[in-house]
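So you can see what is in the structure, the chains are spelled out below.
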Amino acid sequence: MKTSCGKVHDYLGMALDYSVDGQVVITMFAYIAKIVQLFAKYDDTEHTTATHVVEHIFDINEEAIPLSKPSATAIHHFVAKCLFATKQAHPDIATAFSFLTSRVK
């Protein structure tokens, strides 16, 4: 068990900031940064988007080649971590990741 002193605590990937009396600010910036680093190891694409939801996210390619076992495991971990972040601090990504949970198999 780890004991923390001070006004900022890290718990389950969340930073709990009690710096202002009577208020708590919850952020997950470090947790999200770790997710991005994990995904960057497996993603070799060079394009970016202005938002996390692109218009083709719900399109399913029935002719797609299945992922290799290591890539499939990495995607499963990525989706699970993002789903946790959805419930804790980022409900804005819930629609995209609820769809991705159905495609992880």
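Residues numbered from 1 in each chain as written. Predicted model: local features only at pLDDT ≥ 70, side-chain atom pairs only at ≥ 80, totals over all residues. Heavy atoms only, no water.

Counting its secondary structure elements, the chain contains three helices and three strands. Counting helices and strands in the order they occur from the N terminus, the chain gives β-β-β-α-α-α. Looking at the chain alone, contacts between residues at least 24 apart form 45% of all its contacts between residues at least 6 apart. (Helix = DSSP H or I, 4+ residues; strand = E, 2+ residues; numbered from the N terminus. Contact = heavy atoms within 4.5 Å.)

Looking now at the pairing of strand E2 (residues 14–17). Every second residue of E2 is oriented toward a common face, the buried set being Met 14 and Leu 16 and the non-buried set Ala 15 and Asp 17. Examined bridge by bridge, strand E1 (residues 8–11) and E2 share four bridges and lie antiparallel to one another. Among the inter-strand pairings, Asp 10 is bridged to a residue of E2, identified as Ala 15. Bridge count for E2 against strand E3 (residues 25–27) is three bridges, and the pairing is antiparallel. Bridge assignment links Asp 17 to a residue of E3, and that residue is Val 25. (Buried < 20%, exposed > 50% of the residue type's maximum accessible area, 1.4 Å probe, protein only. Pairing = 2+ DSSP bridges.)

Our focus in this paragraph is the sheet that holds E3. Strands sit in the order E1-E2-E3 across an open sheet of three strands; the sheet is antiparallel. Either end of the sheet is taken by a strand with one partner, and the two such strands are E1 and E3. If you compare each strand with its neighbour and ignore which way they point, the axes differ by 20° on average. (Axes fitted to C-alpha atoms, helices over the stretch in contact; angles between N-to-C directions.)

Here the focus is helix H3 (residues 94–101). Of all the positions in H3, only Ala 96, Phe 97 and Phe 99 are classed as buried. Buried residues of H3 fall within an arc of 155° about the axis and therefore sit on the same side. (Arc of directions from axis to C-beta.)

Another point: helix H2 (residues 69–88). Helix length check: H2, at 20 residues, gives a terminal C-alpha distance of 29 Å against a target of 28 Å (1.5 Å per residue), a fit within 8%. The inward-facing, buried residues of H2 contact helix H1 (29–42) and H3. (Expected span 1.5 Å × (residues − 1).)

What follows concerns the nonpolar core. One finds Met 28, Tyr 31, Ile 35, Phe 78, Cys 82 and Phe 97 to be the most contacted residues of the largest nonpolar core, which totals 13 residues. Of all the secondary structure elements, the ones that give two or more residues to this core are E2, H1, H2 and H3. The dominant element in this core, judged by the number of residues it contributes, is H2, at four residues. (Core = buried A, V, L, I, M, F, W, Y, C linked by side-chain atoms within 4.5 Å.)

Time to look at the packing of H1 against H2. Contact geometry of H1 with H2 gives a least axis separation of 10 Å together with a crossing angle of 160°. The angle between H1 and H2 falls in the class roughly antiparallel. The two elements H1 and H2 cross, and the hand of that crossing is left-handed. Together, Tyr 31, Ile 32, Ile 35, Leu 38, Phe 39 and Tyr 42 of H1 and Pro 70, Ala 74, Ile 75, Phe 78, Lys 81, Cys 82, Phe 84 and Ala 85 of H2 make up the contact between the two elements. (Parallel < 35°, antiparallel > 145°, perpendicular 65-115°, else oblique. Left-handed = near helix turned anticlockwise from the far one by under 90°.)

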